[in-house]
Number of protein chains: 2
Amino acid sequence: MKNILILGSTGSIGRNTLDIISSFPDKFKIKGLSAGYNKNELIKQIKIFKPEFVSILNKESAEEIKNLFPSLKVYYGEEGIIELINIPDIDIVVNAIIGSAGLKYTYEIIKAGIDIALANKESIVMAGELLIREAKKSKIKILPIDSEHSALFHLLEDKEKNIIKKVILTASGGPFFEKDIKELKDVTVSDALSHPVWNMGPKITIDSATMMNKGFEVIEAHYLFGIDYDNIEVIIHPESVIHSMVEIIDGEIYAQLSNPDMRYPILNALSYPEKLNTPLPSLDLNKIERLTFREPDLNKFPLLKFSYEVGRKGGNLPAVLSIADDIAVEKFLSGKIKFLEIYDEIKNIVNNIEFVEKPDLEYILNLEKEIKGELKK
Amino acid sequence: MKNILILGSTGSIGRNTLDIISSFPDKFKIKGLSAGYNKNELIKQIKIFKPEFVSILNKESAEEIKNLFPSLKVYYGEEGIIELINIPDIDIVVNAIIGSAGLKYTYEIIKAGIDIALANKESIVMAGELLIREAKKSKIKILPIDSEHSALFHLLEDKEKNIIKKVILTASGGPFFEKDIKELKDVTVSDALSHPVWNMGPKITIDSATMMNKGFEVIEAHYLFGIDYDNIEVIIHPESVIHSMVEIIDGEIYAQLSNPDMRYPILNALSYPEKLNTPLPSLDLNKIERLTFREPDLNKFPLLKFSYEVGRKGGNLPAVLSIADDIAVEKFLSGKIKFLEIYDEIKNIVNNIEFVEKPDLEYILNLEKEIKGELKK
């Protein structure tokens with residue numbers, strides 16, 4: 001029986017985690033849940049999963065929950081999440097908190113010496129080197145639960161590094177990969193929010209439309225698996241059935257496939273190293289009939305190319321890229337800039353920051369404030 | 001440096017083996033070659049690869065070769081092949097002899113305690129249980145060098161058996177998978193000999209057109225990897241880029257992909273467990289653009305369905321199936337029966353033989369003569 005803590009339990013990953021866990025009452029016990037603002041969903045989850053500890057951002061919501069469940073230990077605020085991480089006997093924490101806010105919790109979990117199932121990709125993009133170093137020190141596992149890195153984790157698991165020629169990340173291509181660059185000029189927010197395969201929050205959906213998301217994943221793959229940027233390739237695969245591939249020096253490529261459903265990588269991470277019988281349906285290639293592939297057009301998706309440049313320079317720049325993208329996407333969603341200006345906005349921020357070769361955690365955690373302050377001047 | 005012996009060096013697999021080996025003069029030394037009737041090709045190979053031992057079926061050819069290369073040790077006949085197997089210091093033998101004749105050499109190689117790179121699939125179909133048992137006793141590796149089983153070998157290598165849900169063998173589908181069953185009635189020999197992907201000998205090309213070949217591979221997979229017939233699936237994949245897949249109980253499917261070229265699995269087997277840098281081009285999925293999949297139509301390919309029935313019954317029947325297919329394909333190639341009658345011919349032979357639960361090697365080696373004698377009555 002593994003004791004599980006879920007940070008961000010009311011979001012898409014959090015809900016998928018609870019859904020898949022509910023098939024294995026003998027394997028997993030939900031010890032704690034944390035939510036942001038969705039009090040009602042959290043209350044529903046408490047009734048079903050009976051955690052001993054919860055945390056919610058707002059103090060009044062916390063008191064309300066406390067009144068409903070008198071025997072429950074209820075924390076609140078950012079400190080509440082830190083309290084949760086430090087409750088005893090947790091075997092694995094799911095960090096599904098969205099955005100750069102997730103980083104400090106990833107760090108706390110690693111420092112606490114607990115295995116982490118990581119959905120918050122900002123953590124690794126912003127502080128990859130530092131987190132991997134700390135994880136090694138603490139002897140804990142970072143188990144990615146996005147489908148691409150989960151696939152790479154398993155594909156690379158038993159392989160010596162010197163036999164790896166390259167890794168290939170697949171990308172759905174988002175809603176625009178078939179559009180002409182000229183057509184992208186007048187793309188609306190609602191065009192960009194309609195993703196063909198994955199149903200996700202607005203920020204990651206826009207990141208998917210610009211392929212910034214895949215750029216982040218390239219940087220993540222570099223830090224998580226120690227692969228040179230020259231050996232990380234991106235290929236557009238609209239069906240999202242092949243999650244990633246690894247090419248061996250002998251010319252063989254190994255791929256991981258499943259239906260595009262986050263519950264597969266989530267269960268993989270939580271049960272690791274054990275494999276559990278999935279309650280989800282098998283992939284039926286006869287029904288899918290075809291898997292297609294296309295080279296990404298770097299003119300149309302300059303942020304993908306830019307991510308490689310930023311990744312290669314390293315230092316503080318991947319963190320800056322992550323925050324710059326937060327800012328630019330917010331501007332696009334609120335109608336302040338056009339779709340194709342997202343890139344200019346981001347490039348502008350990244351190119352105007354002072355380069356820091358070895359940023360420490362404090363620097364990275366303060367980066368958002370600093371950049372936003374700088375922009376207001 | 002590995003000392004290599006190639007049985008059947010002038011056939012398609014033999015020539016591919018020498019081709020790929022020639023890129024690694026520091027890794028492999030050709031100690032011995034055996035050929036059937038293609039004396040001129042063997043002479044060419046001797047000049048290039050300078051083996052110390054050769055064998056050829058015909059005695060006069062052997063004498064001619066001896067005169068050309070006085071310092072070469074030249075054997076002949078079936079005994080010549082046995083002599084080759086028993087020369088000292090061989091690290092691995094490639095058995096690329098075609099047809100049921102290959103079985104006795106597979107047995108000799110295993111008995112001699114030498115690792116075997118096995119292209120002769122008749123060996124495993126006809127005597128799988130016995131050969132696997134002997135291989136375990138001799139502590140040698142059977143390394144399949146057809147692309148499907150080579151893929152399965154690597155995909156299953158580090159995985160515990162209890163996490164395997166099923167294996168999926170891909171099939172090109174041969175030249176007829178898109179044809180209507182009515183159109184198959186009047187298929188000519190030359191129609192059946194034009195394979196869309198692989199360029200192979202006539203017997204295996206017809207076996208591919210009837211999908212008998214895939215039926216044999218199902219039986220092979222059962223014996224080589226100990227997988228239940230219920231957990232072996234066949235899927236038509238005309239591009240032959242995915243060579244096989246393994247589905248894990250957690251719902252993830254792992255696949256091996258490369259360009260359809262026999263030299264990949266051959267090098268894999270010869271270098272095992274080491275991985276060598278292939279001189280062959282990488283698979284470029286951007287160029288291939290699409291991989292397609294189709295369920296095999298068992299009405300159109302009754303031999304595939306029949307193979308499962310024969311495999312499940314086991315005993316002597318897989319061996320009988322192999323020989324019955326030799327006989328039926330020969331009849332088709334010489335115009336004695338029509339394409340759709342191949343199945344009837346085979347079914348007739350298999351259904352009329354006496355069932356033997358535990359056939360020994362002698363029984364299996366004599367089976368061809370016995371069946372042919374029976375048919376002449």
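Treat the numbers as computed from the prediction; the structure is a model and nothing was measured.

Trainee: Looking at this structure, how should I read the pairing of strand S2 (residues 28-35) of chain A?
Mentor: Along any regular strand, the residues point their side chains to alternate faces of the sheet. Residue and element names in this part refer to chain A. Burial within S2 is extensive, with seven of its eight residues counted as buried. Across six bridges, the pairing between strand S1 (residues 2-7) and S2 is parallel. Within S2, the position partnered with lysine 2 by the bridge is phenylalanine 28. Handedness of the crossover is the feature at issue here: the chain leaves S1, passes through helix H1 (residues 12-21), returns alongside S2, and the resulting connection is right-handed. Two strands pair when backbone bridges link them, and S2 and strand S3 (residues 53-56) are joined in this way by four bridges, in the parallel orientation. Within S3, the position partnered with glycine 32 by the bridge is phenylalanine 53. Assessed by its sense of winding, the connection that carries the chain from S2 through helix H2 (residues 39-49) to S3 is right-handed.

Trainee: Is there a simple way to think about the interface of chain B and chain A in this case?
Mentor: How big an interface is tends to be stated in terms of accessible area lost as the parts join. Counting from both sides, the interface comprises 38 residues of chain B and, opposite them, 38 residues of chain A. Carbon and sulfur atoms make up 52% of the surface buried where chain B meets chain A, a total of about 3,600 Å² over both sides. Of all residues in chain B, Asp250(B), Glu252(B) and Asn286(B) bury the most surface against chain A, accounting for 16% of the area lost on that side. Inspection of the region where chain B meets chain A yields two salt bridges. In this assembly, chain B and chain A are joined by 20 residue pairs in polar contact (both at pLDDT 80 or more). Elements supplying a minimum of two residues to the side of chain B that touches chain A: helix H7 (147-156), strand S10 (242-248), strand S11 (253-257), helix H11 (263-271), helix H12 (285-288) and strand S12 (290-292) of chain B. By residue class, the composition of the side of chain B that touches chain A is 17 nonpolar, 11 polar and 10 charged. Sheet topology note: the strand S12 (residues 290-292) of chain A/S12(B) ladder contains three bridges and is antiparallel. Opposite Thr292(A), over in S12(B), you have Arg290(B) as the bridge partner.

Trainee: How should I be thinking about the side chain of His237(A) in this particular structure?
Mentor: Residue and element names in this part refer to chain A. As for its position among the elements, histidine 237 is in the loop between strand S9 (232-236) and strand S10 (242-248). On the basis of relative accessibility, which here comes to 0%, the residue histidine 237 falls in the buried class. Polar contacts involving the side chain of histidine 237 include one to the main-chain amide nitrogen of valine 241, which spans 3.2 Å. Ignoring anything within four residues of it in the chain, the contact list for histidine 237 reads Thr170, Ala171, Ser172, Ile242, Leu291, Thr292 and Phe293.

Trainee: Teacher, can you tell me more about the relation of the copies chain B and chain A here?
Mentor: Both copies of the chain are placed relative to one another by a rotation about an axis and a shift along it. The transform that puts chain B on chain A rotates by 180° and translates by 0.0 Å along the axis, for an RMSD of 0.0 Å. Put plainly, the chains are arranged around a two-fold axis. Of all interface residues in chain B, 100% are interface residues in chain A too; the two copies therefore contact each other through one and the same surface.

Trainee: What should I look at first to understand the confidence of the model for chain A in this one?
Mentor: Here chain A averages 95 in pLDDT, and 98% of its residues register 70 or above. ipTM for the predicted complex: 0.96, alongside a pTM of 0.96.

Trainee: Please clarify how the packing of aromatic side chains should be interpreted in this entry.
Mentor: Ring pairs (aromatic) are described by centroid distance and by the angle formed between their planes. All names here are of chain A. Taken as a whole, this structure holds 12 aromatic pairs over all chains when the rule is applied. Judged by centre distance (6.3 Å) and plane angle (85°), the ring pair of phenylalanine 24 and phenylalanine 28 falls under edge-to-face. There is no split in this pair, since phenylalanine 24 and phenylalanine 28 are both buried. Measuring from ring centre to ring centre gives 5.7 Å for phenylalanine 332 and phenylalanine 339, while their planes differ by 70°; the resulting arrangement is edge-to-face. The two residues phenylalanine 332 and phenylalanine 339 agree in class, both being buried. Just above the ring of tyrosine 254 sits the side chain of lysine 159; from NZ or CZ to the centre is 4.9 Å.

Trainee: When you look at the packing of helix H10 (residues 212-225) of chain B against helix H14 (residues 317-333) of chain B in this model, what are you seeing that I'm missing?
Mentor: Each pair of packed helices can be described by the angle between their axes along with the distance between the axes. Residue and element names in this part refer to chain B. Packing of H10 against H14 brings their axes to within 12 Å, and their N-to-C directions diverge by 155°. It follows that H10 is roughly antiparallel to H14 by the angle criterion. Classified by chirality, the crossing of H14 by H10 is left-handed. Of the residues in H14, those touching H10 at Met212, Phe216, Ile219 and Tyr223 are Pro318, Leu321, Ser322 and Asp325. When grouped by side-chain class, the residues that make up the contact of H10 with H14 number six nonpolar, one polar and one charged.

Trainee: What should I look at first to understand the environment of Glu60(B) in this one?
Mentor: With respect to the element layout, Glu60(B) can be found in helix H3 (residues 59-68). Considered as a pair, Glu60(B) and Tyr76(B) are 16 residues apart in the sequence and their alpha carbons are 8.8 Å apart.

Trainee: Looking at this model, I keep getting lost on the sheet that holds S11(B). Mind explaining?
Mentor: Sheet strands associate in pairs through backbone hydrogen bonding, adopting either a parallel or an antiparallel arrangement. Spatially, the eight strands line up as an open sheet ordered S9(A)-S8(A)-S10(A)-S11(A)-S11(B)-S10(B)-S8(B)-S9(B), and their pairing is mixed. Looking at strand neighbours, the two that pair on one side only are S9 of chain A together with strand S9 (232-236) of chain B, the edges of this open sheet. Strand after strand, the sheet turns through a mean of 20° between neighbouring axes, direction not considered. Both strand S8 (residues 164-171) of chain B and S9(B) contribute to a ladder of five bridges, which runs parallel. Its bridge partner lying in S9(B), Val167(B) is registered against Ile232(B). Here helix H7 (residues 147-156) of chain A sits on the sheet and contacts strand S8 (164-171), S10 and strand S11 (253-257) of chain A together with S11 of chain B; the angle it forms with S10(A), its principal contact strand, is near 35°.

Trainee: I'm lost on the side chain of Glu41(B) in this one. Help?
Mentor: Residues and elements named next belong to chain B. Mapped onto the elements, glutamate 41 comes out in helix H2 (residues 39-49). Taking relative accessible area as the criterion, glutamate 41 reaches 17% and is therefore assigned buried. Once you skip the residues sitting within four places of it in the chain, glutamate 41 turns out to touch Thr10 and Arg15.

Trainee: Just to check I follow, could you spell out the sheet that holds strand S5 (residues 92-95) of chain A for this structure?
Mentor: Residues and elements named next belong to chain A. Taking strand neighbours across the sheet as the criterion, the seven strands line up as S4-S3-S2-S1-S5-S6-S7 in an open arrangement whose pairing is parallel. At either margin of the open sheet sits one strand with a lone partner, and together these are strand S4 (73-76) and strand S7 (142-144). Sheet twist, expressed as the mean angle between neighbouring strand axes with direction ignored, is 20°. Bridge count between strand S6 (residues 115-118) and S7: three bridges; the pairing is parallel. Residue pairing in the sheet places isoleucine 116 in a bridge with isoleucine 142 of S7. Across the face of the sheet, helix H3 (residues 59-68) comes into contact with S3 and S4 while running at roughly 175° to S4.

Trainee: Explain the pattern of salt bridges to me, please; I cannot follow it from the model alone.
Mentor: Residue and element names in this part refer to chain A. Considering all chains together, one arrives at 50 salt bridges over all chains under this definition. Lysine 166 serves as the salt-bridge partner of glutamate 233, at 2.8 Å between the closest nitrogen and oxygen. Of the two residues, glutamate 233 is situated in strand S9 and lysine 166 in strand S8; the sequence distance between them amounts to 67 residues. Classification of glutamate 233 by relative accessible area gives partly exposed; the value is 28%. Accessibility expressed as a relative area gives 15% for lysine 166, which makes it buried. Via salt bridges that share partners, Lys121, Glu148, Lys214 and Glu217 belong to a single interconnected network.

Thresholds applied
Residues numbered from 1 in each chain as written. Chains lettered and ligands numbered in written order. Predicted model: local features only at pLDDT ≥ 70, side-chain atom pairs only at ≥ 80, totals over all residues. Heavy atoms only, no water. Buried < 20%, exposed > 50% of the residue type's maximum accessible area, 1.4 Å probe, protein only. Helix = DSSP H or I, 4+ residues; strand = E, 2+ residues; numbered from the N terminus. Pairing = 2+ DSSP bridges. Right-handed = clockwise from strand over helix to strand, strands pointing away. Contact = heavy atoms within 4.5 Å. Buried area = accessible area lost by both parts, 1.4 Å probe. Salt bridge = Lys/Arg side-chain N within 4 Å of Asp/Glu carboxyl O. Polar contact = N/O pair within 3.5 Å; in protein donor to acceptor, adjacent residues only side chain to side chain. Nonpolar A, V, L, I, M, F, W, Y, C, P; charged D, E, K, R; others polar. Least-squares fit on C-alpha atoms with pLDDT ≥ 70 in both. pLDDT = per-residue confidence, 0-100. Phe/Tyr/Trp six-rings, centres within 6.5 Å; stacked < 30°, edge-to-face > 60°. Lys NZ or Arg CZ within 6 Å of the ring centre and 35° of its normal. Axes fitted to C-alpha atoms, helices over the stretch in contact; angles between N-to-C directions. Parallel < 35°, antiparallel > 145°, perpendicular 65-115°, else oblique. Left-handed = near helix turned anticlockwise from the far one by under 90°.

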